[in-house]
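Descriptive structure summary
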Amino acid sequence: MKLCKKALFILLSAFILLFAVGCQKDSALPKNESETLSEKTTLEKPSKEEPELKGNQENGSTEEGNSENNSKESEAKATTENKQSNSNTDKATENTSKKQENTNTNTANKANTQTSKSVENKGTTPAPKTESGQPVNGGGQTPAPAPAPKPKKDTVTVSVDGYQGPINAPIPTVFLSPTEVEIESGYTALDATLKILKEKKIQISVRGSGATAYVEGINNIYEFDYGPLSGWLIEVNDVLIDNSAGIEPIKNGDKIEWIYTLDYTKDTTY
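Here's a quick rundown of the structure. Note that the structure is a prediction, hence the values are computed from the model and not measured.

Sheet faces and side chains relate simply in a regular strand, where the side chains alternate between the two faces. Looking at chain direction, strand S3 (residues 204–207) and strand S4 (residues 214–218) are connected through 4 bridges and run antiparallel. Opposite Arg 207, over in S4, you have Tyr 214 as the bridge partner. Where S3 folds back on S4, the antiparallel hairpin that results is connected by 6 residues, among which Gly 208 adopts a positive phi of roughly 80°.

Turning to the sheet that holds strand S6 (residues 231–236), a few remarks are in order. Judged by pairing direction, the sheet is mixed, and its 5 strands sit side by side in the order S2-S1-S8-S6-S7 without closing on themselves. What marks the edges here is a single partner per strand, and that holds for strand S2 (171–182) and strand S7 (239–240). Against the sheet, helix H2 (residues 189–199) makes contact with strand S1 (155–164), S2, S6 and strand S8 (255–261), and its axis sits at roughly 100° relative to S2, the strand it touches most.

Burial analysis of S8 places 5 of its 7 residues in the buried class, the great majority of the element. Inspection of the sheet shows S1 paired to S8 by 5 bridges, in the parallel sense. When the bridges of S8 are listed, Asp 161 appears paired with Ile 259. Where S6 and S8 come together, 6 bridges link them in antiparallel fashion.

Okay, the environment of Thr 261 next. Within the secondary structure, Thr 261 is located in strand S8. Along the sequence, Thr 261 and Leu 229 sit 32 residues apart, while their C-alpha atoms lie 7.9 Å from each other. Each residue touching Thr 261, except ones within four places of it in the same chain, is listed here: Leu 229, Ser 230, Gly 231, Leu 233 and Asp 267. Reaching out from Thr 261, the side chain makes a polar contact with the backbone oxygen of Asp 263 at a distance of 3.1 Å.

Rules of the game
Residues numbered from 1 in each chain as written. Predicted model: local features only at pLDDT ≥ 70, side-chain atom pairs only at ≥ 80, totals over all residues. Heavy atoms only, no water. Pairing = 2+ DSSP bridges. Helix = DSSP H or I, 4+ residues; strand = E, 2+ residues; numbered from the N terminus. Contact = heavy atoms within 4.5 Å. Axes fitted to C-alpha atoms, helices over the stretch in contact; angles between N-to-C directions. Buried < 20%, exposed > 50% of the residue type's maximum accessible area, 1.4 Å probe, protein only. Polar contact = N/O pair within 3.5 Å; in protein donor to acceptor, adjacent residues only side chain to side chain.

This is a description of form; function is not addressed.
Following this line, the structure appears as structure tokens:
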């Protein structure tokens, strides 16, 4: 029993020693570790400061770059603003010049209209008014002058009297009642007769010309149709002419009569 107690005591004491030694080791290790940690921190501090310095240097360079960029941007803005201001001033001057031109043209147009109105007012005479104040004769405007009458041309009168019916009982017939016809200078009795008969579409047959002109038939009634002494005679102003109608002169207002005779020996009184 005693031996067992001794052995337990020895074991217990050995265990206590071992425990004490172990505690001392544990307390020693933290000191070393703290020393090492402090050394590490002291060593690492310069490495942390170096990036900070580098960052500060980089920040300074970036700040310088930013300042340069800001100055360039401000210069660019200033130039664009100057350009815009110059363009605005140019536009403003153009607008003012256009406005001045418009005002000048407007004043010129007004002056022209005023002068035209004054001329029109001068050209018109004041209209006479009635007692009630109403204007007389279309508002007082000067009446337009009447057109000058055309010069009246010279005219002569032509008539044609003949016969119709059977030979043994002819009937006096008016082929053309007295009709005015315009004549030109140099017209003869035959010229006036041909002109009016053509207008009235009455047939006429003439043989020869000038001094030898001879009227054979009018309205299809020819010489000798009502006997060997029948034929056409011509009077100018109620006077039987003794020459050809192709050379008989006429003048304004003359009267030309063509008469068909049944016996020229009785009707011809030259």
